[in-house]
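Structure assessment
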Amino acid sequence: MDIDKDKSQQTEEKNVQSRRNVIKALVGIPVLGTFAYEVLQKTSQYKKSESSIIKELNLGDIQKPSKVLGAVKGDLIRVGIIGFGNRAEQLASGLGFLHPDEIKSRLPGGKLDDWLKQEDLNVAITGICDVFDLHAEKGIATAGCELLPGGAKPSGLAVKRYRTYREMLDDKAIDAVVVATPDHHHARIATDAINAGKHVYCEKSIALNEDELHEVYDAVKNSDRIFQLGHQITQNVVFQQAKEIMKRDVLGKITLIETTVNRNSAEGAWIRHLDKNGNPKPGSTQTIDWEQWLGNSPQKPFSIDRYYNWTKFFDYDTGMLGQLFSHEYDAVNQLMRIGIPKSAVSSGGIYYWKDNRDIPDTLQSVFEYPERELTLMFSATLANSRSRGRVFMGHDASMELGESLSITANFDSTKYQKQLESGIIDPNSPMITINPGSGDIDAVSSATEKYYSSRGLTSTYIDGVPVDVTHLHLKEWINCIRNGGETSDNIDRAFEEGITILMAQKSYVEKRRVEWDPIQRKIV
Amino acid sequence: MQKTKPFTNLQAITLVVLRLLIGWHLLYEGISKLLIQNWSSAGFLRESQWIMSGVAKWIISNDTVLQVVDFMNIWGLIAIGLGLILGLFTRAAAISGAILVLLYYFNNAPIIGIEYSIPAEGSNLIVSKTLIEAVALCVLAVFPAGKVWALDTLVSQFKNRKK
């Protein structure tokens, strides 16, 4: 009897024990429940604060970048490229042509795939003109490329080398030209090309002096040909969103725009005549038509330094103003249509790169727009690469606009005073960021996400696919040739930019403040 | 015959808490990546500088590989997190968790002379919280963490009964 009782007690205890074990084993379930609840809480709170910022700023409908226009269908356009250096290779790639060696080098790792997705513009490069045999040959090989993006088929047309650009312009078999020579040829070639009835895509900067700028302006204005100045960065989809943000006055009254150049390398300072092993790059009077290269610039004996490092000399360009400020100005002008400033002051010097250069390596230019009540500043150095960005400074917020966009409310903002007080908006971190990778507006995201989005990109994302911005700029030009319409960098924008650059240049060279006389249309 | 308990109660509770906390952390790491639209490990891998930098570069350079890595990373974290919280396949979860977290460590190790552009949480010298988490996962793998307060116990009971 006792033993029986003992046994039943033991079984009872065992049952209790095992029930307890089952309960213990299920400890993870309530933990998971709590986890799920917390995750929901967190996401709904995030959504709430995000949507309240987006709602407060009235930005709800610009979440996704507007679609980029597709290529207009039409007859094959025969393009000639004048000057086939590095930049021309990128332009050819944007048109849909890569050098066979470049195709081979992009094959491993699937790097070619994005390029192959690029839309077919239905153009053929049928003419190459370069004073250097090596570059001309490279151009011909590129133009003859059999592998084309967007499922295009080779046109079958022969690629012709022209010894001078005039020969190319005289040839009726060329419909349009891309000018990618050093800058001292730009205005003259563009003017002659327009007068010869060709459409023109001209790399920046457009002109080295006022006379040639007026010439090219008049030529384009008196013709029905399509002109596009080569500035690709505003084709980045975040610029479309920035435009919308500007329209909706998110920043408040903008009185200062800061643009910068931050470089710190020999390559960045335009010392490019040596190869990787420190030996001079190829080129001699045997292979380079030096007379033609000099064009209308002062006579100088052949020099490999001048040939590759022409940017260093005022004979061929305006240094950082023409090469880099041009992009900055274009970005600002596309967004705000500021036009030509009333006055410009530049100062700077050659403080670091003590070679034979004319161009300053440190330069600050300040442009006044009293009618618009704002100042545009350009601060450039070739001896420090600390990233300083491009910032539009309004009374209520600042917008930093690069490959991505971020807006930070100002602590003393009047418009956002309530939101700042209630904590919906934090003045210490961006309230809005737009990452070109996702294209979504992202309010209150984490530090690392913001960090990634600030990384530089040379492409923009459309529906998650990286697209070369140069391709988009060329496409706009080609579309206008087929369908009419205005390019975003038409001759009016190019003229405004050209004058602004020349004002800063004149101020630097003459060490004085210069002004624009809108009646006489000249710099005084 | 009375089975000897593997731990004292305090030891058991401590081990269970450790398991639950790490599980929670890894599960949320996975879920949060799932919630971010177009999340990609590319940004993290781009920072890789030490012994894993070659592999990291290869992963970024290949779109398909990157997608596979992203997918495995997100769902691996979620599976490991769930396993640890529930105490299901505890040992497997702890071992794979330790390997995964060690991979993070090697891609972002605070080694003298290597600077990362992403700010680290706290000050680290060789040892970082990531490394400690990896070792804590080793502890869970080595000790019978699946034998206390874990679904694994029910699974093994069920198996034993079947036998």
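With respect to the confidence of the model for chain B
Residues and elements named next belong to chain B.
- For chain B, mean pLDDT is 87; residues scoring 70 or higher make up 94% of the total.
- When mean pLDDT is taken per element in chain B, helix α6 (residues 129-142) scores highest with 95 and helix α2 (residues 42-46) scores lowest with 78.
- Our summary of model confidence lists the complex with pTM equal to 0.75 and ipTM equal to 0.88.

A closer look at the pairing of strand β7 (residues 254-262) of chain A
Residues and elements named next belong to chain A.
- With four bridges connecting them, β7 and strand β11 (residues 391-394) associate as antiparallel partners. Along β11, the bridge assignment pairs Leu256 with Met393.
- In this sheet, strand β10 (residues 374-381) lies alongside β7 in parallel orientation, the contact comprising seven bridges. Counterpart to Thr260 in the pairing with β10 is Ser379.

Some words on the sheet that holds strand β1 (residues 77-82) of chain A
All names here are of chain A.
- Taken in spatial order, the six strands make up an open sheet running β3-β2-β1-β4-β5-β6, and their pairing is parallel. Two strands bound the open sheet, and with one partner strand each, they are β3 (160-162) and β6 (227-230). Strand after strand, the sheet turns through a mean of 25° between neighbouring axes, direction not considered.
- With three bridges joining them, strand β2 (residues 123-129) and β3 adopt parallel strand pairing. Counted as the bridge partner of Cys129 is Tyr162 from β3.

Topic: the environment of Gly402(A)
Residue and element names in this part refer to chain A.
- With respect to the helices and strands, the residue Gly402 is situated in the loop between β12 (397-401) and β13 (405-409).
- We classify Gly402 as buried; it has 20 C-beta atoms within 10 Å.
- Separated by 329 residues in the primary sequence, Gly402 and Lys73 place their C-alpha atoms 32 Å from one another.
- What Gly402 contacts, discounting residues up to four positions off in sequence, is Gly389 and Arg390.

Some thoughts on unusual backbone geometry
All names here are of chain A.
- Residue Ser205 is bonded to the preceding Lys204 through a cis peptide linkage, with omega at -5°.
- Mapping Ser205 onto the fold places it in the loop between β5 (199-203) and α9 (210-221).
- Look at Asp249: it is not a glycine, yet its phi comes out positive at around 55°.
- Tracing the backbone shows Asp249 in the loop between α10 (237-247) and β7.
- Even without a glycine there, the phi angle at Glu373 is positive, about 55°.
- You can see Glu373 is positioned in the loop between β9 (362-369) and β10.

So, how was this worked out
- Residues numbered from 1 in each chain as written.
- Chains lettered and ligands numbered in written order.
- Predicted model: local features only at pLDDT ≥ 70, side-chain atom pairs only at ≥ 80, totals over all residues.
- pLDDT = per-residue confidence, 0-100.
- Helix = DSSP H or I, 4+ residues; strand = E, 2+ residues; numbered from the N terminus.
- Pairing = 2+ DSSP bridges.
- Axes fitted to C-alpha atoms, helices over the stretch in contact; angles between N-to-C directions.
- Buried ≥ 20, exposed ≤ 12 C-beta atoms within 10 Å, placed from the backbone.
- Contact = placed C-beta atoms within 7 Å.

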